[in-house]
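# Remarks on the overall topology
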Amino acid sequence: KPELTPILAQMVILTSLPLRTVETKFNIDATGFGTSNFQRWYSFKHGKEICSRRWVKCHFMNGTKSNIITSVKITTENEADCPQLEELTKKTVEHFEMKELSGDKAYLSKDNFELVDSLGGTFYVPFKSNSKATGNGMLWKKMYHYFMMNNEEYLQHYHIRSNAESTVNMLKSKFGDSVRSKLWTAQVNEVLCKIIAHNICVVILEMNEMQRWCNPILSNR
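Every value quoted in this text rests on a predicted model; they were computed, and no experiment measured them.

### Quick word on helix α6 (residues 162–175)
If you check α6, its first and last C-alpha atoms are 20 Å apart, about what 14 residues at 1.5 Å a residue would give, namely 20 Å. Of all the residues in α6, the buried ones are Ala-164, Thr-167, Val-168, Met-170 and Leu-171. The buried residues of α6 occupy one face: seen down the axis, they fall within an arc of 160°. For α6, exposure combined with an orientation more than 90 degrees from the buried face picks out Asn-169 and Ser-173. Positive backbone phi, at 90°, marks Gly-176, one or two positions downstream of α6.

### Concerning the packing of helix α4 (residues 138–149) against helix α5 (residues 151–158)
Here α4 crosses α5 at 110°, and the two axes come no closer than 5 Å. Regarding the angle of α4 to α5, the classification is roughly perpendicular. Together, Met-143, Tyr-146, Phe-147, Met-148 and Met-149 of α4 and Asn-151, Glu-153, Tyr-154, Leu-155 and His-157 of α5 make up the contact between the two elements. Residue composition of the contact of α4 with α5, by class: seven nonpolar, two polar and one charged.

### Observations concerning a nonpolar patch on the surface
A cluster of nonpolar residues, Leu-4, Ile-7, Met-11 and Leu-14, forms a patch on the protein surface that exposes about 340 Å² of accessible area. With respect to the secondary-structure elements, Leu-4 resides in helix α1 (residues 4–16).

### Here we look at the environment of Asp-111
Within the fold, Asp-111 resides in helix α3 (residues 110–118). A sequence separation of 26 residues divides Asp-111 from Gly-137, and the C-alpha atoms of the two residues are 9.9 Å apart.

### Topic: α4
Helix length check: α4 (12 residues) gives 16 Å between terminal C-alpha atoms against 16 Å at 1.5 Å per residue, within 8%. Along α4, the residues classified as buried are Leu-139, Trp-140, Met-143, Tyr-144, Tyr-146 and Phe-147. Viewed end-on, α4 has its buried residues packed into an arc of 160°, placing them on one side of the element. Within α4, the exposed residues directed more than 90 degrees away from the buried face are Met-138, Lys-142 and Met-149.

### Topic: the packing of aromatic side chains
Following the criterion strictly, the structure yields 11 aromatic pairs and no others. Measuring from ring centre to ring centre gives 5.4 Å for Tyr-124 and Tyr-154, while their planes differ by 70°; the resulting arrangement is edge-to-face. Pair noted here: Tyr-124 is in strand β5 (residues 122–124) and Tyr-154 is in helix α5, with a separation of 30 residues, a long-range link. By relative accessible area, Tyr-124 is classed as buried at 7%. For Tyr-154, a relative accessible area of 0% corresponds to the buried category. Here Phe-147 and Tyr-154 contribute two aromatic rings whose centre-to-centre distance is 5.2 Å and whose plane-to-plane angle is 80°, an arrangement assigned as edge-to-face. Each member of the pair, Phe-147 as well as Tyr-154, carries the same accessibility label: buried. In this structure, Lys-172 packs its charged tip against the face of Phe-33, placed 5.2 Å from the ring centre.

Basis of the calculations
- Residues numbered from 1 in each chain as written.
- Predicted model: local features only at pLDDT ≥ 70, side-chain atom pairs only at ≥ 80, totals over all residues.
- Heavy atoms only, no water.
- Helix = DSSP H or I, 4+ residues; strand = E, 2+ residues; numbered from the N terminus.
- Expected span 1.5 Å × (residues − 1).
- Buried < 20%, exposed > 50% of the residue type's maximum accessible area, 1.4 Å probe, protein only.
- Arc of directions from axis to C-beta.
- Axes fitted to C-alpha atoms, helices over the stretch in contact; angles between N-to-C directions.
- Parallel < 35°, antiparallel > 145°, perpendicular 65-115°, else oblique.
- Contact = heavy atoms within 4.5 Å.
- Nonpolar A, V, L, I, M, F, W, Y, C, P; charged D, E, K, R; others polar.
- Patch = residues over 30% accessible without salt bridge, like charges linked within 9 Å, V, L, I, M, F, W, Y side chains within 5 Å.
- Areas by Shrake-Rupley, 256 points an atom, 1.4 Å probe, with all protein chains shown as cover.
- Salt bridge = Lys/Arg side-chain N within 4 Å of Asp/Glu carboxyl O.
- Phe/Tyr/Trp six-rings, centres within 6.5 Å; stacked < 30°, edge-to-face > 60°.
- Lys NZ or Arg CZ within 6 Å of the ring centre and 35° of its normal.

By themselves, these figures tell us nothing about what the structure is for.
Written as structure tokens, this is what we have:
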């Protein structure tokens, strides 16, 4: 049911809210979920017909401490990563304080630097080999020189994005790396259900971790 999709997307946000005071640093990334649908096309390069499995692309933002997913957008496999940053970031800062955001080179753009900065955070993304300091504004120039002159310090912030891979591993190892639904709307809803289930597991884990941390403190009072 298409009317279920926005409800499930809102549930992703709601299940992340118990950790809104815990998370201030975030990662952005995308991953795919395989489907049972196939596509065929003729490759002039190889001179033959090629058949491949279609997949659903999940763009997400997660907290670096708990791996909670704070915002998500589901697209086809052909959608680029970079344009998704604005929507995911704005949804996250509605409920979370964002001090840092890290992503890979797919998200490198002047607009993304300026967006995160306007929302009170700092965007850490590695520059490409052909990137230049000039031509993209003062903020781009500032971050470019930071990347070039304090590379080790810059990369310490950037490499926090490895937590995004941990989030993907947690999600797929528990709930699978493919969807069983045949229709597009059902596939989107199925992926959203996986993410809701992941967030619930994360919240339960964090509740137990915090309780374990608090108990020795309470017992010493």
